[in-house]
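Listed here are the chains, written in short residue letters.
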Amino acid sequence: VQLQASGGGLVQAGDSLRLSCVASGLTFRRYSVGWFRQGPGKEREFVAAIRSNGGSTHYADSVKGRFTISRDNAKNTVYLQMNDLKTEDTAVYYCAADQQLILSSIQSWQQYDYWGQGTLVTVSS
């Protein structure tokens, strides 16, 4: 199983970016996928997730209304559209997948079995 995250870059506050996470080696539609991030000197934190069954979406309070997670099962890809970026969004963003994820654990990075390598998002003021 491989997850490949991409789309990061250097942007200014207020700008937008779209991250992609392409999966291979698994039956993608059966997996829930989450995005997590880790900023400088900070712990890894949950950003957003989209479940396999029905594709329900979940967001951290800090990104609600600004970020949108979506998936295209035909392309084995999950996207994270990030709008109105803030300096505090600066972090390495990771995608992760899990087949058995339950709703109560969706924000717990420990529950995800597979991880991508991360893509760096830097937001300047």
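The rules behind these values
- Residues numbered from 1 in each chain as written.
- Predicted model: local features only at pLDDT ≥ 70, side-chain atom pairs only at ≥ 80, totals over all residues.
- Heavy atoms only, no water.
- Helix = DSSP H or I, 4+ residues; strand = E, 2+ residues; numbered from the N terminus.
- Rg over C-alpha atoms; globule rule 2.2 N^0.38 Å.
- Buried < 20%, exposed > 50% of the residue type's maximum accessible area, 1.4 Å probe, protein only.
- Areas by Shrake-Rupley, 256 points an atom, 1.4 Å probe, with all protein chains shown as cover.
- Phe/Tyr/Trp six-rings, centres within 6.5 Å; stacked < 30°, edge-to-face > 60°.
- Core = buried A, V, L, I, M, F, W, Y, C linked by side-chain atoms within 4.5 Å.
- Contact = heavy atoms within 4.5 Å.
- Disulfide = S-S within 2.5 Å.

Undergrad: Summarise the overall build of the chain; cite the residues concerned and give the values.
TA: Broken down by element type, the chain carries zero helices and 11 strands. On C-alpha atoms alone, the chain measures out to a radius of gyration of 13 Å, which is about the 14 Å that the 2.2 N^0.38 rule sets for 125 residues. Counting across all 125 residues of the chain, residues that qualify as buried make up 44%. On the chain, roughly 6,400 Å² of surface is accessible, and the fraction owed to carbon and sulfur atoms is 42%.

Undergrad: So what's going on with the packing of aromatic side chains? Residues and values would help.
TA: All told, the structure shown has six aromatic pairs when counted by the stated rule. Ring geometry for Tyr-31 against Tyr-114: centres 6.2 Å apart, planes inclined by 55°, an arrangement best described as tilted. Taken together, the residues span a long stretch of sequence, with Tyr-31 in the loop between strand S3 (17-24) and strand S4 (32-38) and Tyr-114 in strand S10 (residues 114-115) at a distance of 83 residues. Each ring, one from Phe-36 and one from Tyr-112, has its centre 5.1 Å from the other, and the planes form 80°; the classification is edge-to-face. One end of the pair, Phe-36, is in strand S4; the other, Tyr-112, is in the loop between strand S9 (91-98) and S10, and 76 residues separate them in sequence. Judged by its relative accessible area of 0%, Phe-36 is buried. These aromatic residues form a ring-pair network of at least three members: Phe-36, Phe-46, Tyr-94, Tyr-112 and Trp-115.

Undergrad: Before we move on, can you summarise the nonpolar core with the specific residues and values?
TA: Taken as a class, soluble globular proteins show a tendency for nonpolar side chains to be buried jointly. Formed by 37 residues in total, the largest nonpolar core has its most connected members in Trp-35, Val-47, Phe-67, Ile-69, Leu-80, Met-82 and Tyr-93. At the level of elements, strand S1 (2-6), S3, S4, strand S5 (45-50), strand S7 (67-72), strand S8 (77-82), S9 and strand S11 (119-124) are the ones that each hand at least two residues to this core. Setting aside its immediate chain neighbours within four residues, Leu-80 contacts Leu-17, Arg-18, Leu-19, Trp-35, Val-47, Ala-48, Phe-67, Thr-68, Ile-69 and Tyr-93.

Undergrad: An account of the state of the cysteines is needed here, citing residue identities and associated values.
TA: Going through the model one piece at a time under the given rule, you end up with one disulfide. Between the sulfur atoms of Cys-21 and its disulfide mate Cys-95 the distance is 2.2 Å. On the sign convention where negative is left-handed, the bridge of Cys-21 and Cys-95, at about 70° about the S-S bond, is right-handed. In this pair, Cys-21 sits in strand S3 while Cys-95 sits in strand S9, placing the two residues 74 residues apart along the sequence. The exposure classification of Cys-21 matches that of Cys-95, with both residues buried.

Undergrad: Give a description of the environment of Ser-70 that names residues and reports values.
TA: Mapped onto the elements, Ser-70 comes out in strand S7. A relative accessible area of 31% means that Ser-70 is categorised as partly exposed. Between the C-alpha atom of Ser-70 and that of Tyr-93, which follows or precedes it by 23 residues, the distance is 16 Å. Setting aside chain neighbours within four positions, we find Ser-70 in contact with Ile-50, Thr-77, Val-78 and Tyr-79.

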